[in-house]
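Understanding the architecture of this molecule
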Amino acid sequence: MRGPSADRLRRLRWWLTVLFTATNTVALIVLAPVIIVLDADRADDQIDHSLNVVTQSVLRLVDESRGALVTARLTGDPLTSDCPDFVVMPGNSGDFTPQFSTRGCTRIDQQLLAGITAEAVRNGSPVSQDRRAQNGHAIRLAAEPFKDSSERYIGAVVAWQDTEAQAHRHRQLTIAVLAVCAVLIGAAALVGYWLSGRAIRPAMAALEQQETLLAETAHDLRTPVAALRALAETAARDPEQRAELLPRTVRLAGRMGDIIDGLLVRARLAAGVEHLAMQPVWLDQLVAGVVEDMPTEGARFSLVTAPTMVRADPTLLQRAIGNVLGNAMRHGRAPDADQAIITVTVADGRVTVADQGPGIDPEVGADLFEPYTTGGASTGLGLSIVRWVVLAHGGDLKVYNADEGGAIFEIQLPTVQ
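Keep in mind that this is a model prediction, so the values were computed, not measured.

1. A word on the sheet that holds strand S12 (residues 350-354)
Here we have five strands laid out as an open sheet, ordered S9-S11-S12-S14-S13, and mixed in their pairing. Here the strands that pair on one side only, and so sit at the sheet edges, are strand S9 (299-305) and strand S13 (396-401). Averaged over all adjacent pairs, the angle separating strand axes in this sheet is 15°, with direction ignored. Pairing between S13 and strand S14 (residues 407-412): six bridges, direction antiparallel. Looking across to S14, one finds that Lys 398 is bridged to Glu 410. The strands touched by helix H7 (residues 314-331) are S9, strand S11 (340-347), S12 and S14; relative to S11, the strand with the most contacts, the crossing angle is about 150°.

In C-alpha cells, the structure reads:
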C-alpha cells in the first residue's frame, strides 16, 4: 500500500511506538533508582543492626565500680570470639586499657578507633562512620558511649564490620537492574510496535479497501464509459442511427449499473459493513425464484430440486446464486449452440450449476474467484462476490470441469436440521 495516507499511518505507528517506549522508559528510570536505593538502605540497616546488637550487648557486660572499669565478664562471653569485632575504648588514652574481642575478623587502625570514640564521648551519643580497613576493604564502625558513676562519659564500645561483600552484592544488583531495564525497554519497543500495528490495522485495512475499490471502479468502468461516450457521440452526430443506438446505450448503462452495484457489495462485504441477516431459508425455493427471474434470452435452464433448508441471508444468497447463473449464461454456451443449456440441481444444502460450455481454463484454475480473473468479457467481480458470500455463510465453493465437457460450480451451505 502506497500513497500519502499510507505514509501517514506508518509514521503514526512509529510515533505510537516511540510514545509507548518512552512512557515505559520513564517509568523504569524512576523505578530502577528506587530499587537500587532501597537495596542500599536495606544493606546499611542490616549492618547497623548487627553492629548495634554487639555494642548494646557489650555495654551490658561493662560495669564501672568505685572508679574502676570492670570488663571481666567479656572474657567468657561468646561475643569476644565472634564477628563483628569490637573494642571497649577509653575516651582518654590513660583512663583504662582498651579491651578487644579475640576473633580479629578485620584489622583496623587504632587511630580510627580512638577518633570515633572521642567523637562519641564528646557528643554523648552513638556515632557511625564508613572507613577503610588495613586491607583496603570498606568497613562500617559504630560507637556507643558509656558513663561512669558520676554520669560522665568515659569511653565507648566500638564495633566494626567489613562491608565489602555487601557492596559487591549491591553492585551486582545494580548491574542486574540496569540490564533488566535495558531488556524491558527493548521489549517495550517491540510490544509497542506490535500494539500500534494492531491499533492502526483497521485504518490500514479501510484505507487499503478504499484504494482497492477506487482501483476496481476505475478498471471496470473505463471500457463501458468509453463505449457509452462513443455511442452518445455517434447518436448526436447521426440522428438516423439513434433508434439503433438507443437500445445499446440502455443495455450498456445497465451493465455499468451492475458493475457499480457489484463493486459496492464487494467493498461492503470486505469492510464488514454488510451484516448478514441470518434466517431459515428454503434453498430450493430461493434458487427456483432466482432461476425464474433470470432472462431467458440465449439460455435454457433445467432445474431439479429437493427440499432443503439452510440458515442464510436471503438477499446476499440470491445475489451469489444469480452471479453463478449469470456466469454460466455468459460462458456456458457450446461453440455450435444457439443458446446456453444450464442444469441447476439443489439438494442437501448443495447448489450445483452445470453448463455445456468450453469449461474452465486450466491456467485460471483456483484463481477464478479472484477479482478481475475471468474467461470472458465480464467484470471479473461476480465470482469473487460469490466466494465472499459463501464463506461468510460458513459454506464451501468448488469449480471443476465435467468429464463430458462444460464447467460445474458447487455451492455447499450448512443445512438446518
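2. Quick word on the nonpolar core
Counting residues in hydrophobic clusters, the biggest one holds 36 residues, and the most contacted among them are Phe 301, Ile 321, Leu 325, Val 344, Val 351, Val 353 and Ile 411. If you list the elements that add at least two residues to this core, you get helix H6 (283-293), S9, strand S10 (309-312), H7, S11, S12, helix H8 (382-392) and S14. It is H7 that provides the largest number of residues to this core, a total of eight residues. Not counting chain neighbours up to four residues away, the residues in contact with Leu 325 comprise Val 290, Val 291, Met 294, Phe 301, Ile 342, Val 344 and Val 353. Core analysis: the next-biggest nonpolar cluster, separate from the first, contains 15 residues, Leu 51, Val 54, Val 62 and Val 88 among them.

3. Digging into a nonpolar patch on the surface
Judged by side-chain polarity, Val 26, Val 30, Leu 31, Val 34, Ile 35 and Leu 38 come together as a nonpolar surface patch covering roughly 520 Å² of accessible area. Tracing the backbone shows Leu 38 in helix H1 (residues 4-61). By relative accessible area, Leu 38 is classed as exposed at 54%.

4. Quick notes on the packing of aromatic side chains
Inspection of the entire model under this criterion finds two aromatic pairs. Here the aromatic rings of Trp 14 and Tyr 193 are separated by 5.0 Å at their centres, their planes lie at 45°, and the arrangement is tilted. Placement of Trp 14 in helix H1 and of Tyr 193 in helix H4 (residues 164-237) is noted, with a sequence separation of 179 residues between them. Take Trp 14: its relative accessible area is 51%, and that puts it in the exposed class.

5. Considering the UniProt feature "transmembrane region" (unreviewed entry) in the protein
In the numbering used here, UniProt assigns the "transmembrane region" (unreviewed entry) feature to residues 12-38 and 173-195. A distance of 39 Å separates the end C-alpha atoms of residues 12-38, which is 100% helix and 0% strand.

6. Section: the state of the cysteines
A full pass over the atoms with the stated rule returns one disulfide. With a sulfur-sulfur separation of 1.6 Å, Cys 83 is cross-linked through a disulfide to Cys 105. Across the disulfide from Cys 83 to Cys 105, rotation about the S-S bond amounts to roughly -95°, and the bridge is consequently left-handed. Highlighted residues: Cys 83 in the loop between helix H2 (72-75) and strand S3 (85-90) and Cys 105 in the loop between strand S4 (99-100) and helix H3 (110-123), separated in sequence by 22 residues. The exposure class assigned to Cys 83 is partly exposed, which follows from its relative accessible area of 38%. Take Cys 105: its relative accessible area is 31%, and that puts it in the partly exposed class.

7. Thoughts on the pairing of strand S7 (residues 153-162)
With eight of ten residues buried, S7 is to be regarded as a mostly interior element. Where S3 and S7 come together, six bridges link them in antiparallel fashion. By the bridge assignment, Pro 90 is partnered in S7 with Gly 155. Examined bridge by bridge, strand S6 (residues 138-147) and S7 share nine bridges and lie antiparallel to one another. Each bridged residue has a counterpart across the sheet, and for Arg 140 the counterpart in S7 is Gln 161. What sits between the antiparallel neighbours S6 and S7 is a turn of five residues, in which Glu 151 has the positive phi angle 60°.

8. Details of the pairing of S14
With five of its six residues buried, S14 lies for the most part within the structure. As judged from the five bridges shared by S12 and S14, these two strands associate in the antiparallel manner. By the bridge assignment, Ala 354 is partnered in S14 with Ile 408. The loop that links S13 with its antiparallel partner S14 comprises five residues; one of these, Gly 405, has a positive phi angle of about 110°.

9. Digging into H3
Helical geometry: 3.6 residues make up each α-helical turn, so side chains three or four residues apart lie on a common side. Its 14 residues give H3 an end-to-end C-alpha distance of 20 Å, which sits within 8% of 20 Å, the value for a rise of 1.5 Å per residue. Taken residue by residue, H3 has Leu 113, Ile 116, Thr 117, Ala 120 and Val 121 as its buried positions. Projection of H3 onto a plane perpendicular to its axis shows the buried side chains occupying an angular sector of 135°, all on one side. Residues Gln 111 and Arg 122 are exposed on H3 and point more than 90 degrees away from its buried face. On the buried face of H3, the contacting elements are S3, S4, strand S5 (127-132), S6 and S7. In the segment just after H3, Gly 124 is the residue with positive phi, at about 70°.

10. Some words on the sheet that holds S6
Pairing is antiparallel across the open sheet formed by five strands, whose spatial order is S4-S3-S7-S6-S5. Two strands lie at the open edges of the sheet, namely S4 and S5, each paired on one side alone. H3 rests against S3, S4, S5, S6 and S7 of the sheet, and its axis sits at about 130° to S7.

Rules behind the numbers
- Residues numbered from 1 in each chain as written.
- Predicted model: local features only at pLDDT ≥ 70, side-chain atom pairs only at ≥ 80, totals over all residues.
- Heavy atoms only, no water.
- Pairing = 2+ DSSP bridges.
- Helix = DSSP H or I, 4+ residues; strand = E, 2+ residues; numbered from the N terminus.
- Axes fitted to C-alpha atoms, helices over the stretch in contact; angles between N-to-C directions.
- Contact = heavy atoms within 4.5 Å.
- Core = buried A, V, L, I, M, F, W, Y, C linked by side-chain atoms within 4.5 Å.
- Buried < 20%, exposed > 50% of the residue type's maximum accessible area, 1.4 Å probe, protein only.
- Patch = residues over 30% accessible without salt bridge, like charges linked within 9 Å, V, L, I, M, F, W, Y side chains within 5 Å.
- Areas by Shrake-Rupley, 256 points an atom, 1.4 Å probe, with all protein chains shown as cover.
- Salt bridge = Lys/Arg side-chain N within 4 Å of Asp/Glu carboxyl O.
- Phe/Tyr/Trp six-rings, centres within 6.5 Å; stacked < 30°, edge-to-face > 60°.
- UniProt positions renumbered as here; feature names shortened; annotations may be inferred.
- Disulfide = S-S within 2.5 Å.
- Expected span 1.5 Å × (residues − 1).
- Arc of directions from axis to C-beta.

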